[in-house]
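Structural features, examined
These are the residues of each chain, in order.
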Amino acid sequence: MTFTKLSFSLPESVESQLAKAVEEWEASASTGRIWRKDAAVWTGSGEDRWLGWLDIAAEELAKLDEYRDLREDVAAADFAEIVLMGMGGSSLGPEVLAMTFGVANFHILDSTVPAQVLAVEERLDLAKTLFIVASKSGTTLEPNCFMRYFFERVSGVVGADAGRQFIAITDTGSQLEAEAKSQNFRKIIYGKPDVGGRFSALSPFGMTPAALMGLDVETILRRAAAMADECRNDRVEENPGALLGLILGVCHAAGRDKLTIFASDELGSLGAWLEQLIAESTGKSGVAIIPIVGEEPQPTVSYGSDRVFVDIRLDGTNGEDVDLSALRAAGHPVLQIEVAEIADIGAEFYRWEFATAVAGAVLGLNPFDQPDVEAAKVETRELTDKFERYGKLPDETAFFESDGISLFASESYAAKLREMLDEPSVTEYLSAHIANIEDGDYFAVLAYLEMNAANTTLLHEVRTRVLERRLAATCLGFGPRFLHSTGQAYKGGPDSGVFLQITADVAGDVPIPGRKYSFGIVKDAQARGDLQVLVDRGRRALRVHLSGDIEEQLERLSKMVQVVWPE
């Protein structure tokens with residue numbers, strides 16, 4: 001293979017385990033068994049029903065004329081903006097493509113935070129915007145809410161022709177398909193029932209948006225198909241996906257379960273997609289590979305023995321400001337992937353999908369289900385149903401309140417934190433919570449706030465301070481998008497996470513047509529459902545609720561974390 005390279009350096013003990021794993025993999029002909037769709041490679045619990053992604057690049061190449069016709073039809077309609085409304089696998093792959101290729105008029109909506117919905121709408125001329133509703137099952141809460149809202153808004157502008165500004169991507173027979181037909185959508189694109197969401201970047205869920213953006217779908221798919229051919233090799237040394245997956249698996253067995261991802265700017269958007277693919281696929285049955293994305297590079301001495309590093313860079317460019325040679329010298333596993341050009345993004349999608357499937361086999365789990373994501377959905381649905389029935393969410397009581405900041409946790413965890421204090425205050429409770437981070441743990445900020453530059457900067461300060469002082473791996477996710485991504489590993493993986501959930505009052509709510517609940521109510525229900533499942537799993541989770549001016553309160557919170565460790 002000439003268009004993408006993988007090199008690696010492993011500690012001697014891990015290197016010997018890799019050699020053993022390679023020998024066992026080849027002896028059991030596991031690569032061939034994957035291609036024959038043998039579920040016994042994993043757990044034998046129906047994995048064979050989710051392997052349609054193996055051949056997807058070749059299948060999609062046969063549909064180039066359809067994608068070309070779709071692009072020409074939409075171009076002739078002269079839409080100024082395109083909005084994709086989806087969650088998880090339905091949105092993260094297209095987001096990578098839009099950011100990697102710099103498509104400025106393509107927008108993703110994957111948040112029920114009212115301010116986020118309004119921020120997207122403010123960028124649009126509704127009469128000249130094409131909306132893509134992407135949902136495999138057709139029953140996903142968020143895209144259905146987005147569709148209801150924007151269909152009514154567009155109808156108010158263009159009248160009965162509103163459906164001509166909507167395209168659905170869904171599976172045959174779904175609720176969304178029926179809705180799209182009844183509303184006379186411009187087009188219905190069908191996915192493949194045997195391709196799960198996080199493995200769908202090269203399926204119609206990724207390639208339809210790519211075509212509508214005007215990208216070179218053929219080149220993306222041809223590079224992916226070339227990688228697929230490489231991943232058929234029985235010899236691991238000649239199989240980039242199997243080799244990467246086995247490395248991740250043996251590193252996990254050696255306690256290196258925090259996959260720290262660095263990337264050059266041109267490929268930086270891959271991080272959020274990789275988060276979902278890896279965390280949701282491996283985070284279950286009490287084990288997980290935890291992807292660490294967007295973390296500030298640290299001095300080598302600050303990294304613990306739970307890390308494995310991967311640097312993904314465009315050939316000829318510099319990656320992030322991280323000293324890979326120092327990491328190698330210190331005995332950390334270090335992988336480098338050099339991508340020849342950005343059109344090879346399709347090859348990287350495929351390499352990582354195959355590698356994740358292989359890593360799942362090494363870990364002895366089913367990489368294609370997401371049981372704990374479903375658990376959070378159930379909790380959310382129960383809360384929204386109660387709102388529909390009673391007109392309000394169930395009451396909840398903070399265990400501590402001060403100056404517009406309220407704290408929530410399980411009774412047992414609140415009592416544990418209380419025992420660690422001299423004088424109760426928000427700062428002291430934060431200090432006690434963070435003090436519960438132990439060796440090998442990670443710290444995750446889960447923010448149900450608008451994903452804008454100001455909030456991201458302040459939340460990044462919080463995670464960086466914890467990283468620098470506790471030397472623990474850190475994550476930052478915005479809700480509800482992370483619920484369809486890393487949320488699976490947080491709940492289904494090992495009890496090695498310490499979680500700081502951040503919620504806030506809704507300054508200006510947005511109604512959802514045909515529903516009693518609003519976007520603000522959905523966001524609150526999702527946050528509360530998320531916390532409840534974390535509590536049910538016995539996780540160390542603290543919720544901080546901010547009242548008043550969100551940015552001011554977030555600045556206060558950031559400063560409180562700084563005070564925890566005075567200079």
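Below or above, wherever it landed, is the structure these notes cover. (Residues numbered from 1 in each chain as written. Predicted model: local features only at pLDDT ≥ 70, side-chain atom pairs only at ≥ 80, totals over all residues. Heavy atoms only, no water.)

1. Overview of the sheet that holds strand β11 (residues 400–402)
With mixed pairing, 6 strands are arranged side by side in an open sheet as β11-β12-β16-β15-β13-β14. In this open sheet, the two edge strands, each paired with only one partner strand, are β11 and β14 (473–478). Strand-to-strand, the axes of this sheet are offset by a mean angle of 15°, without reference to chain direction. Relative to strand β16 (residues 540–546), strand β15 (residues 497–504) runs parallel, the two being bridged by 7 bridges. Bridge pairing links valine 498 to arginine 540 in β16. This element, helix α17 (residues 426–435), spans β11, β12 (405–408), β13 (442–447), β15 and β16 of the sheet and lies at about 155° to β16. (Pairing = 2+ DSSP bridges. Helix = DSSP H or I, 4+ residues; strand = E, 2+ residues; numbered from the N terminus. Axes fitted to C-alpha atoms, helices over the stretch in contact; angles between N-to-C directions. Contact = heavy atoms within 4.5 Å.)

2. Describing the pattern of salt bridges
Scanning the model with the defined rule gives 33 salt bridges in all. Between aspartate 65 and arginine 68 there is a salt bridge, with the nearest N and O atoms lying 2.7 Å from each other. Of this pair, aspartate 65 and arginine 68 both sit in helix α4 (residues 64–76), separated by 3 residues, roughly a single helical turn. A relative accessible area of 53% places aspartate 65 in the exposed class. A residue is classified by how much of its surface remains accessible, and arginine 68, at 41% relative accessible area, is partly exposed. When salt bridges with common partners are traced through the structure, they connect Glu59, Lys192 and Asp194 into a single cluster. (Salt bridge = Lys/Arg side-chain N within 4 Å of Asp/Glu carboxyl O. Buried < 20%, exposed > 50% of the residue type's maximum accessible area, 1.4 Å probe, protein only.)

3. Considerations on the packing of aromatic side chains
Applying the stated criterion across every chain yields a total of 25 aromatic pairs. Aromatic side chains tryptophan 53 and phenylalanine 354 sit 6.3 Å apart centroid to centroid with 75° between the ring planes, which places their arrangement in the edge-to-face category. In this pair, tryptophan 53 is assigned in the loop between α2 (30–35) and α3 (56–61) and phenylalanine 354 in helix α14 (residues 345–363), connecting sequence segments 301 residues apart. Owing to a relative accessible area of 0%, tryptophan 53 belongs among the buried residues under this scheme. Residue phenylalanine 354 is classed as buried on the basis of its relative accessible area of 0%. For the pair tyrosine 149 and phenylalanine 519, a centre-to-centre distance of 5.9 Å together with 85° between the ring planes defines the contact as edge-to-face. Remark: phenylalanine 519 occurs in helix α20 (residues 519–536) and tyrosine 149 occurs in helix α7 (residues 141–158); sequence separation between them is 370 residues. Note on accessibility: tyrosine 149 and phenylalanine 519 belong to one class, buried. A connected cluster of aromatic rings, assembled from ring pairs, spans Phe131, Phe146, Tyr149, Phe150, Phe151, Phe166, Phe185 and Phe519. Over the ring of tryptophan 35 we find arginine 232, and its NZ or CZ is 3.7 Å from the ring centre. Positioned over the ring face of phenylalanine 408 is arginine 543, at 4.3 Å from the centre of the ring. (Phe/Tyr/Trp six-rings, centres within 6.5 Å; stacked < 30°, edge-to-face > 60°. Lys NZ or Arg CZ within 6 Å of the ring centre and 35° of its normal.)

4. Comments concerning α20
If you check α20, its first and last C-alpha atoms are 25 Å apart, about what 18 residues at 1.5 Å a residue would give, namely 26 Å. Immediately downstream of α20, the backbone of glycine 538 shows phi near 75°, a positive value. (Expected span 1.5 Å × (residues − 1).)

5. Considering the sheet that holds strand β3 (residues 106–109)
Backbone hydrogen bonds are what pair the strands of a sheet, in a parallel or an antiparallel way. Read from one edge to the other, the open sheet built from 5 strands follows the order β3-β2-β4-β5-β6, with strand pairing classed as parallel. Single-partner strands in this sheet number two, and they are β3 and β6 (187–190). For this sheet the average axis-to-axis angle between neighbouring strands, irrespective of direction, equals 20°. Strand direction decides the pairing type here: strand β4 (residues 129–134) and strand β5 (residues 166–170), joined by 4 bridges, are parallel. Residue pairing in the sheet places phenylalanine 131 in a bridge with phenylalanine 166 of β5. Running at roughly 150° to β3, helix α5 (residues 89–100) makes contact with β2 (81–85), β3 and β4 of the sheet.

6. Things to note about unusual backbone geometry
The step from glycine 479 to proline 480 runs through a cis peptide bond, and the omega angle for that step is 5°. By secondary structure assignment, the location of proline 480 is in the loop between β14 and α19 (487–492). Phi at leucine 471 is positive, roughly 60°, even though this residue is not glycine. Take leucine 471: it is sitting in the loop between α18 (453–470) and β14. When its relative accessible area of 42% is taken as the criterion, leucine 471 is described as partly exposed.

7. Focus: the nonpolar core
Membership of the largest hydrophobic core comes to 96 residues, with the highest contact counts inside it found for Trp53, Trp273, Ile312, Tyr350, Trp352 and Phe354. With 12 residues, α14 is the largest single contributor of residues to this core. Not counting chain neighbours up to four residues away, the residues in contact with tryptophan 53 comprise Asp194, Val195, Phe199, Tyr350, Glu353, Phe354, Ala357 and Phe368. (Core = buried A, V, L, I, M, F, W, Y, C linked by side-chain atoms within 4.5 Å.)

8. Re the packing of α4 against helix α9 (residues 204–212)
Interhelical geometry of α4 versus α9 gives an angle of 45° and a closest axis separation of 8 Å. With respect to their mutual orientation, α4 and α9 come out oblique. For the pair α4 and α9, the sense of crossing is right-handed. Contacts between α4 and α9 involve Tyr67, Leu70, Arg71 and Val74 from the first element and Pro204, Met207, Thr208, Ala211 and Leu212 from the second. Here the residues of the contact of α4 with α9 are counted per class, giving 7 nonpolar, 1 polar and 1 charged. (Parallel < 35°, antiparallel > 145°, perpendicular 65-115°, else oblique. Left-handed = near helix turned anticlockwise from the far one by under 90°. Nonpolar A, V, L, I, M, F, W, Y, C, P; charged D, E, K, R; others polar.)

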